[in-house]
Each structure stands twice: as C-alpha cells, then as structure tokens.
Amino acid sequence: MNDHQDHDFELVPHRGFTLIKGTHDPDDVDLIHDLEVRDSDVFVVTYPKSGTIWMQQILLLIEAKGDVKAISGKGKLSNGDLMPWLELTGHSRAFAAAPSPRLRVTHLPYHLMPAALTQRKGKVIYIARNPKDVLVSYFHFHKLATMLETPKSFDEFFDKFMTGDVYGCRWFEHIKTWYSHREELNMLFITYEEMIRDLHSSVRNIVAFLGKELTEEQLESVVKHSTFDIMRKMPLANYEQVPGDLLNHHQGKFMRKGKVGDWKSHFTVAQSETFDKVFQEEMKDFPLSFVWDTEG
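Notes on the structure in this doc start here. (Residues numbered from 1 in each chain as written. Predicted model: local features only at pLDDT ≥ 70, side-chain atom pairs only at ≥ 80, totals over all residues. Heavy atoms only, no water.)

1. Looking at the packing of aromatic side chains
So, step 1. Throughout the structure, instances matching the rule amount to 26 aromatic pairs.
So, step 2. Taking the centre distance of 5.8 Å and the plane angle of 55 degrees together, the rings of Phe 154 and Phe 267 count as tilted. Here Phe 267 lies in the loop between α12 (235–238) and α13 (269–282) and Phe 154 lies in helix α6 (residues 154–163), a separation of 113 residues in the sequence. The exposure classification of Phe 154 matches that of Phe 267, with both residues buried.
So, step 3. On the numbers, 6.1 Å between centres and 80 degrees between planes, the contact of Phe 279 with Phe 290 is edge-to-face. Taken together, the positions of Phe 279 in helix α13 and Phe 290 in the segment after α13 put the pair 11 residues apart, joining distant regions of the chain. Like Phe 279, the residue Phe 290 is buried in the burial classification.
So, step 4. One cation-aromatic arrangement involves Lys 132 over Trp 263; the distance from NZ or CZ to the ring centre is 3.9 Å.
So, step 5. The residue whose ring lies beneath Arg 182 is Tyr 179, and the NZ or CZ to ring-centre distance is 3.8 Å. (Phe/Tyr/Trp six-rings, centres within 6.5 Å; stacked < 30°, edge-to-face > 60°. Helix = DSSP H or I, 4+ residues; strand = E, 2+ residues; numbered from the N terminus. Buried < 20%, exposed > 50% of the residue type's maximum accessible area, 1.4 Å probe, protein only. Lys NZ or Arg CZ within 6 Å of the ring centre and 35° of its normal.)

This is the structure we're talking about:
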C-alpha cells in the first residue's frame, strides 16, 4: 500500500457489503462465516467511527486488570496489534490459530460474521453512535486514511454517506440488522454517548458482561486510561505510530475530538433536516434513541 493514491481507491461489492481493495480479500472474508467460536472470544462490532478504538483500549485494559504497562509493552505500533480487525486480509486464518482470549474488532455486517455466534458462543459488544457525528468523523477520517477516497467536499461526502457509497455501506442497515438479531446473540448493546456521559458506569457494565472481576482500584485504572485526553497521549492508543502509507498524519489526528454534537459545525440546516427525515423513516420501527448534542 505504499504511495497509495486516490485513483487506486476502490470499493469492492461483496455479498451485500463493500470491501476495500488492497485492504480486504473477499475469499478471506468468506472464511469468517465458518470460524469456530470459543466462549472466551469477544467481538467488538461497530459501524466505522463509532468508538472502535475506544473500546479496544477499554477491553485490553480490562484483560490486563487495569495494568497499563502490561499492554504498552506488547503492542508494536498500535492497540490494533493486540486486538486486530477480523476482516483484514489474512486475519481470519490468524484468528483460527490464535490462543484465547481472542479479542477482535470488526465493521462487518451481521451476515458475514461467524454463524456460531447464534449459538450464543463468544460475546459481542455493539457500539452505536449518533449517525450525524459518525458522518462528520468519517469525513475527516477519509482525509487521513490512505486506503479511503479523499472527499472533494463535505457536501459530496454527505451524499455518499446517505446512499451507503462508503466502506460500511449504509449506517441504518448496519445498526438495524445487528440490533434486530441481538436476542440471538450474547450481546451487549452500548452507545458512544452513554460512554461519554458516564464512562465509569459503562466500564463497570462491560466488566460485568464479560464476567470479569476487578477491584475498585483496577476498575478506576481502566477508566482513567480510557479517557480521551489520556488516550491521546498514549502512542499505542492514539495510532500516531501507524506508518504514513496507511494514515497520513499530516492531514489531521486519528483521535480528533471525541465529542458529542460536532455535526453542528458541519451540517447545513438543509442537510440536518434531510438527515432527520431519513432517520425518522428508517428507524421508526426501532426503539433506539440517541443523544445529538452535549447535554446541559
């Protein structure tokens, strides 16, 4: 992926989803469906830019019982070395051979994930984020990530996001499909905004869901080292050591703002109204509510 230019960028349609040429291999992704799943496996599922890296940090710290030195000494370039993306080329085979506990993150839709999850094997943590903020964060990430197309404008990206012409396809389909299958899986459904509002309670809930036992001191350490300000200073957590042929650090920071309501500084009134109409129509049968701005 050296000297990766926009003209090399290509989304590859595959089984009702889109993969990124050079990043994903369709045949490799197909192997995921039949993977054996262990009870100790944990999959963090997100639509892109919904808190994946945040949960990566939290779970690694929970596994280390809050000992930040234990994880900082293991990774080479980022936390992604310790808790990789399941769908990247070669990673499904590596997953099959990896020792427990196997912690993975993924943006895959429900139908491309291991079928064994429906036997309530393994655990799934789905993080949802208000989609207006997802759109803005994803727009900025497209400038940074060399494997993704650099948007010509925010207006253009807005249209592509709404039609699903991005990696991850349509946000609405991703969340609705996963949410509708939540009762069949051993799943914790959590929102980015509730983690922002009360990280301590969120971490406590995650620890309980995973069946872990942490002392109050260990729990506090997990919370402390999972805050945005602390993570921005940690090389493995902030992804600043990831090579420039993957992330163009001159185009911005991987960890940008991490706040609720940033969409207000990007959306026009017309775009907000358009989005609201689509959201109401798409989500009318789903009892999900989102925080759209910082409370208070």
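Right, picking up where we left off after that structure.
2. Regarding the environment of Gly 122
So, step 1. Residue placement: Gly 122 occurs in the loop between β4 (103–106) and β5 (123–128).
So, step 2. With a relative accessible area of 2%, Gly 122 lands in the buried category.
So, step 3. The spatial distance from the C-alpha of Gly 122 to the C-alpha of Arg 102 is 9.5 Å, given a sequence separation of 20 residues.

3. Quick word on the pattern of salt bridges
So, step 1. Counted under the stated rule, the structure contains 16 salt bridges.
So, step 2. Residue Lys 176 pairs with Glu 282 through a salt bridge whose shortest N-O separation is 2.7 Å. Remark: Glu 282 occurs in helix α13 and Lys 176 occurs in helix α7 (residues 171–180); sequence separation between them is 106 residues.
So, step 3. With relative accessibility at 14%, the residue Lys 176 sits in the buried group.
So, step 4. Given the relative accessible area of 19%, Glu 282 is considered buried.
So, step 5. Within the structure, one salt-bridge network assembled from shared partners comprises Arg 170, Glu 173, Lys 176 and Glu 282. (Salt bridge = Lys/Arg side-chain N within 4 Å of Asp/Glu carboxyl O.)

4. Re the nonpolar core
So, step 1. Of all hydrophobic cores here, the largest spans 53 residues; its most connected members are Tyr 138, Phe 161, Trp 171, Trp 178 and Phe 275.
So, step 2. Secondary structure elements with two or more residues in this core: β2 (17–20), α1 (26–32), β3 (42–46), β5, α5 (131–144), α6, α7 and α13.
So, step 3. The element contributing the most residues to this core is α5, with 7 residues.
So, step 4. The residues touching Phe 161, leaving out its near neighbours within four places in the chain, are Tyr 47, Pro 131, Val 134, Leu 135, Tyr 138, Val 166, Trp 171 and Phe 275.
So, step 5. Ranked by size, the runner-up nonpolar core spans 34 residues in total, among them Val 42, Ile 62, Val 105 and Leu 214. (Core = buried A, V, L, I, M, F, W, Y, C linked by side-chain atoms within 4.5 Å. Contact = heavy atoms within 4.5 Å.)

5. Side note on the sheet that holds β5
So, step 1. Pairing is parallel across the open sheet formed by 4 strands, whose spatial order is β4-β3-β5-β6. The open sheet has two free edges, formed respectively by β4 and β6 (187–191), since each of these has just one partner strand. The mean angle between the axes of side-by-side strands here comes to 20 degrees, regardless of whether they run parallel or antiparallel.
So, step 2. Taken together, the 5 bridges between β3 and β5 define a ladder with parallel strand orientation. (Pairing = 2+ DSSP bridges. Axes fitted to C-alpha atoms, helices over the stretch in contact; angles between N-to-C directions.)

6. Comments concerning helix α2 (residues 52–63)
So, step 1. Compared with the 16 Å implied by 1.5 Å per residue over 12 residues, the 17 Å span of α2 between its first and last C-alpha is a close match.
So, step 2. Across the 12 residues of α2, 11 count as buried, placing the element largely inside the fold.
So, step 3. Burial in α2 covers these residues: Thr 52, Ile 53, Trp 54, Met 55, Gln 56, Gln 57, Ile 58, Leu 59, Leu 60, Leu 61 and Ile 62.
So, step 4. Two residues or fewer after α2 comes Lys 65, characterised by a positive phi angle close to 55 degrees. (Expected span 1.5 Å × (residues − 1).)

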